[in-house]
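This is what each chain is made of:
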Amino acid sequence: MNLRHLALAAACLIGLAASPVAAQQHVTMALDWTPNTNHIGLYVARELGYYAEAGLDVEILPYTDTSAGALVANHVADFGIVGSIGFMTQRAAGADLKGVYAVTQTETGRLVFNADRADIQRPQDLDGLTYGGFGSAWENALITSMIRADGGEGTFETVTLGTSAYEALANGAVDFTLEVYTWEGVKAELDGKAQRAFRYADFGVPDQHTTLIGSSEAYLGANPETATAFISATERGYAYAVEHPDEAADILIAANSDVLTDRTLIRASLQALIDGHYLQSADGVIGAIAPAKMEAIGQYLFTAGILRDGNGVVLADKPDFSPYFSNQYLPAE
């Protein structure tokens, strides 16, 4: 190689070293619970490179006792999985939260009881029985309104048990509880525990997006392009899970092999989310937040006196719920 060639080679090396390498934008995502099928689109998007293609380095934060909504509102996490009731109450109290993606298009919860309870045929039959619950004001309002919508008084006993409510139901220590069909309900079916249930929406409770992805106004205002890239890639992840459930289940399990050891449950849960049109509606809607649903559940919570301000005082005036969410970060149709 002559001097001229050496000089050219050196110039190329210098040019390569001087050229800036585009760094991926770091994004943090907080979970609302230990990894499960509600989170599957996040892991698919990360493991299949959808986030990387969008220029993102997405870190899915370990679940902690601090709610994802609190982490997002306090700007510790950029995005978070949030239950819609907790989201609405936090936002009404002044938290910096905004919904940007509907993980579920319809309600996944249901009121459930053992199938052999011949004395329970309709919600009004729950009057005077014992409910195994989780300690939120939403539960009391929900159950009371369901019973009253069916002509009952709405009087029942409550024992706060947390997740042990499912065991208590199975052994008859309580008469009924609330569960997420696509997880606890599916597990009960696999375990051979026969159950019957009442859907909330059949008895006066508005249908809702049970689970959302939220961010903060502060983050969205400062990072609109990153937010769009993240939500677009996330939607791809959930769409892939709907179309390729076997592969998606394996991706979720492989990414969380320390906590997800029951493939049968994971696969059946995902199938329930698909068959019930939770992740994607029957007419193909995925990710979009329906304004009518947000207004209806907001009105319900306001009327029930569940929405409070930052000082814990019940709101006297119904909020405008339209700023609580946005579909602008979803891919354009």
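It should be noted that the structure appears before, not after, this text.
Residues numbered from 1 in each chain as written. Predicted model: local features only at pLDDT ≥ 70, side-chain atom pairs only at ≥ 80, totals over all residues. Heavy atoms only, no water.

### Focus: the side chain of Ser-281
Moving on, step 1. Tracing the sequence through the fold places Ser-281 in the loop between helix 12 (263-275) and helix 13 (291-303).
Moving on, step 2. Only 2.3 Å separates the side chain of Ser-281 from the side chain of Asp-283, close enough to count as a polar contact. (Helix = DSSP H or I, 4+ residues; strand = E, 2+ residues; numbered from the N terminus. Polar contact = N/O pair within 3.5 Å; in protein donor to acceptor, adjacent residues only side chain to side chain.)

### Overview of unusual backbone geometry
Moving on, step 1. In the Ramachandran plot, His-75 falls in the positive-phi region, its phi being about 65 degrees despite a non-glycine side chain.
Moving on, step 2. Along the chain, His-75 turns up in the loop between helix 4 (68-73) and strand 3 (79-83).
Moving on, step 3. Judged by relative accessible area, which is 46%, His-75 ranks as partly exposed.
Moving on, step 4. In this model, His-277 sits at a positive phi of 55 degrees, which is unusual for a non-glycine residue.
Moving on, step 5. Relative to the elements of secondary structure, His-277 occurs in the loop between helix 12 and helix 13.
Moving on, step 6. A relative accessible area of 37% places His-277 in the partly exposed class. (Buried < 20%, exposed > 50% of the residue type's maximum accessible area, 1.4 Å probe, protein only.)

### Section: the packing of aromatic side chains
Moving on, step 1. What the rule picks out here adds up to 14 aromatic pairs.
Moving on, step 2. Measuring from ring centre to ring centre gives 6.4 Å for Phe-87 and Tyr-324, while their planes differ by 85 degrees; the resulting arrangement is edge-to-face. Of this pair, Phe-87 sits in helix 5 (residues 84-92) while Tyr-324 sits in the segment after helix 13, placing them 237 residues apart in sequence.
Moving on, step 3. By relative accessible area, Tyr-324 is classed as buried at 5%.
Moving on, step 4. When the centroid spacing of 6.3 Å and the interplanar angle of 90 degrees are considered together, the rings of Tyr-131 and Phe-156 count as edge-to-face. (Phe/Tyr/Trp six-rings, centres within 6.5 Å; stacked < 30°, edge-to-face > 60°.)

### As for the nonpolar core
Moving on, step 1. One finds Leu-111, Trp-138, Phe-176 and Leu-301 to be the most contacted residues of the largest nonpolar core, which totals 47 residues.
Moving on, step 2. Among the elements that line this core, the one with the most residues is helix 6 (residues 137-149), at six residues.
Moving on, step 3. Filtering out sequence-adjacent residues up to four positions away, Phe-176 remains in contact with Leu-111, Val-112, Phe-113, Leu-126, Leu-129, Thr-130, Tyr-131, Gly-132, Ile-143, Phe-156 and Leu-169.
Moving on, step 4. Formed by 45 residues, the second largest nonpolar core is a distinct cluster that contains Val-27, Tyr-101, Ile-231 and Ala-241. (Core = buried A, V, L, I, M, F, W, Y, C linked by side-chain atoms within 4.5 Å. Contact = heavy atoms within 4.5 Å.)

### Focus: the sheet that holds strand 9 (residues 195-198)
Moving on, step 1. One open sheet holds the five strands; their spatial order is 7-6-8-5-9, and the pairing between them is mixed. The open sheet terminates on both sides in strands that have one partner only, identified here as strand 7 (157-160) and strand 9. Averaged over neighbouring strand pairs, the angle between their axes works out to 35 degrees when direction is ignored.
Moving on, step 2. Pairing of strand 5 (residues 109-114) with strand 9, which is carried by four bridges, proceeds in the antiparallel orientation. Bridged to Asn-114 within strand 9 is Gln-195.
Moving on, step 3. Here helix 6 sits on the sheet in contact with strand 5, strand 6 (130-133), strand 8 (176-180) and strand 9, set at roughly 115 degrees to strand 8.
Moving on, step 4. Contacts between helix 8 (residues 181-190) and the sheet are confined to strand 5, strand 8 and strand 9, with strand 8 contributing the most and set at about 115 degrees to the helix. (Pairing = 2+ DSSP bridges. Axes fitted to C-alpha atoms, helices over the stretch in contact; angles between N-to-C directions.)

### Quick look at the pairing of strand 5
Moving on, step 1. For strand 5, the tally of buried residues reaches six of six residues, placing the bulk of the element in the interior.
Moving on, step 2. Bridge count for strand 5 against strand 8 is four bridges, and the pairing is antiparallel. Paired with Leu-111 across the two strands is Leu-178, which belongs to strand 8.

### Focus: the packing of helix 6 against helix 13
Moving on, step 1. Where helix 6 meets helix 13, the closest approach of the two axes is 11 Å, and the angle between their N-to-C directions is 95 degrees. By the angle between their axes, helix 6 is roughly perpendicular relative to helix 13. Taking contact as the criterion, the partners of Trp-138, Ala-141, Leu-142 and Ser-145 in helix 6 are, on helix 13, Ile-297, Tyr-300 and Leu-301. (Parallel < 35°, antiparallel > 145°, perpendicular 65-115°, else oblique.)

### What to know about the pairing of strand 4 (residues 98-102)
Moving on, step 1. Of all the five residues making up strand 4, five are buried; the element is thus mostly covered by neighbouring parts of the structure.
Moving on, step 2. As judged from the four bridges shared by strand 4 and strand 10 (residues 211-215), these two strands associate in the antiparallel manner. Within strand 10, the position partnered with Tyr-101 by the bridge is Ile-213.

### Here's the deal with the packing of helix 8 against helix 12
Moving on, step 1. Contact geometry for helix 8 and helix 12: axes closest at 9 Å, N-to-C directions at 125 degrees. Considered as vectors, helix 8 and helix 12 are oriented oblique to each other. Viewed along their axes, helix 8 and helix 12 form a crossing whose handedness is right-handed. Here Tyr-181, Thr-182, Trp-183, Val-186, Lys-187 and Leu-190 of helix 8 lie close against helix 12, whose contacting residues are Thr-264, Leu-265, Ile-266, Ala-268, Ser-269, Ala-272 and Leu-273.
Moving on, step 2. Per-class residue counts for the contact of helix 8 with helix 12 are nine nonpolar, three polar and one charged. (Left-handed = near helix turned anticlockwise from the far one by under 90°. Nonpolar A, V, L, I, M, F, W, Y, C, P; charged D, E, K, R; others polar.)

### A short note on the layout of surface pockets
Moving on, step 1. Counted as a void, the second largest pocket has a volume near 170 Å³.
Moving on, step 2. If you trace the second largest pocket, you find 13 residues lining it, with Glu-107, Gly-109, Arg-110, Arg-199 and Tyr-278 closest to the centre.
Moving on, step 3. Per-class residue counts for the lining of the second largest pocket are six nonpolar, three polar and four charged. (1 Å grid on protein atoms, 1.4 Å probe; cavity = no way out; pocket = protein on both sides within 12 Å on 5 of 7 lines; lining within 4 Å. Points joined across faces, edges and corners; volume = space filled by probe spheres on them.)

### Let's talk about the pattern of salt bridges
Two side chains with opposite charge may pair up if their charged atoms get near one another.
Moving on, step 1. Summed over the entire model, instances satisfying the criterion amount to 15 salt bridges.
Moving on, step 2. With its nearest N and O atoms 2.8 Å apart, the salt bridge here joins Asp-175 to Arg-117. Taken as a pair, Asp-175 in the loop between helix 7 (165-170) and strand 8 and Arg-117 in the loop between strand 5 and strand 6 lie far apart in primary sequence, 58 residues in all.
Moving on, step 3. A relative accessible area of 14% means that Asp-175 is categorised as buried.
Moving on, step 4. Linked through salt bridges whose partners overlap, the residues forming this network are Asp-246, Asp-250, Arg-263 and Arg-267. (Salt bridge = Lys/Arg side-chain N within 4 Å of Asp/Glu carboxyl O.)

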